[in-house]
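# Working through the structure, step by step
Take a look at the letters that make up each chain.
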Amino acid sequence: YSEEKRIQRLALASIFYCTNAVITEYTDSEYGQGVVPQWTHQEGWLTNENECNWFGVLCDPTGKVISIDLADNGLTGSWPATVA
């Protein structure tokens with residue numbers, strides 16, 4: 001992968017790890033102590049598949065991520081500060 005592609009994939013991985021199945025006060029009260037759901041849709045995430053084909057990721061024709069739509073996907077935790 002090019003450096004730009006590695007950085008893009010790292011940013012997406014940060015989103016996944018910071019918002020998928022993260023225990024919070026809300027999840028403890030909503031689902032029970034220590035119980036937390038996974039994302040509803042994880043298709044493609046953290047695989048070798050082109051990240052432009054990952055669920056909720058939209059890229060421009062050059063392969064740069066231009067939009068991420070994970071609404072109603074059961075995210076928990078916080079959006080990573082490193083991804084603006």
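Provided above is the structure to which this section pertains.
Everything numeric in this text was worked out from a predicted model, so none of it was measured.

Moving on: the side chain of arginine 9. The topology assignment puts arginine 9 in helix 1 (residues 3-19). On the accessibility criterion, arginine 9 (13% relative accessible area) is buried. Aside from chain neighbours lying at most four places away, what touches arginine 9 is Tyr1, Thr47, Asn48, Glu49, Asn50, Glu51 and Trp54.

Relative to the helices and strands, glutamate 51 is located in the loop between helix 2 (25-31) and strand 1 (57-59). Given a relative accessible area of 0%, glutamate 51 falls into the buried group. Once residues within four sequence positions are removed from consideration, glutamate 51 is found in contact with Lys5, Gln8, Arg9, Leu12 and Val57.

For the structure on display, the rule yields five aromatic pairs. Residues phenylalanine 16 and tryptophan 39 carry aromatic rings whose centres are separated by 4.9 Å and whose planes lie at 75 degrees to one another, so their mutual orientation is edge-to-face. Taken together, the positions of phenylalanine 16 in helix 1 and tryptophan 39 in the loop between helix 2 and strand 1 put the pair 23 residues apart, joining distant regions of the chain. On the basis of relative accessible area, phenylalanine 16 is assigned to the buried category, the value being 8%. Taken together, the ring pairs in this structure connect Phe16, Tyr17, Trp39, Trp45 and Trp54 into an aromatic cluster.

Another point: a nonpolar patch on the surface. A surface patch of nonpolar side chains, about 320 Å² in accessible area, is lined by Tyr26, Tyr31 and Val35. Mapped onto the elements of the fold, tyrosine 26 is located in helix 2.

Right, let's get into the pattern of salt bridges. The tally for this structure, following the rule as stated, stands at two salt bridges. With a closest N to O distance of 3.1 Å, lysine 5 and glutamate 51 form a salt bridge. Taken as a pair, lysine 5 in helix 1 and glutamate 51 in the loop between helix 2 and strand 1 lie far apart in primary sequence, 46 residues in all. Linked through salt bridges whose partners overlap, the residues forming this network are Lys5, Arg9 and Glu51.

Calculation notes
- Residues numbered from 1 in each chain as written.
- Predicted model: local features only at pLDDT ≥ 70, side-chain atom pairs only at ≥ 80, totals over all residues.
- Heavy atoms only, no water.
- Helix = DSSP H or I, 4+ residues; strand = E, 2+ residues; numbered from the N terminus.
- Buried < 20%, exposed > 50% of the residue type's maximum accessible area, 1.4 Å probe, protein only.
- Contact = heavy atoms within 4.5 Å.
- Phe/Tyr/Trp six-rings, centres within 6.5 Å; stacked < 30°, edge-to-face > 60°.
- Patch = residues over 30% accessible without salt bridge, like charges linked within 9 Å, V, L, I, M, F, W, Y side chains within 5 Å.
- Areas by Shrake-Rupley, 256 points an atom, 1.4 Å probe, with all protein chains shown as cover.
- Salt bridge = Lys/Arg side-chain N within 4 Å of Asp/Glu carboxyl O.

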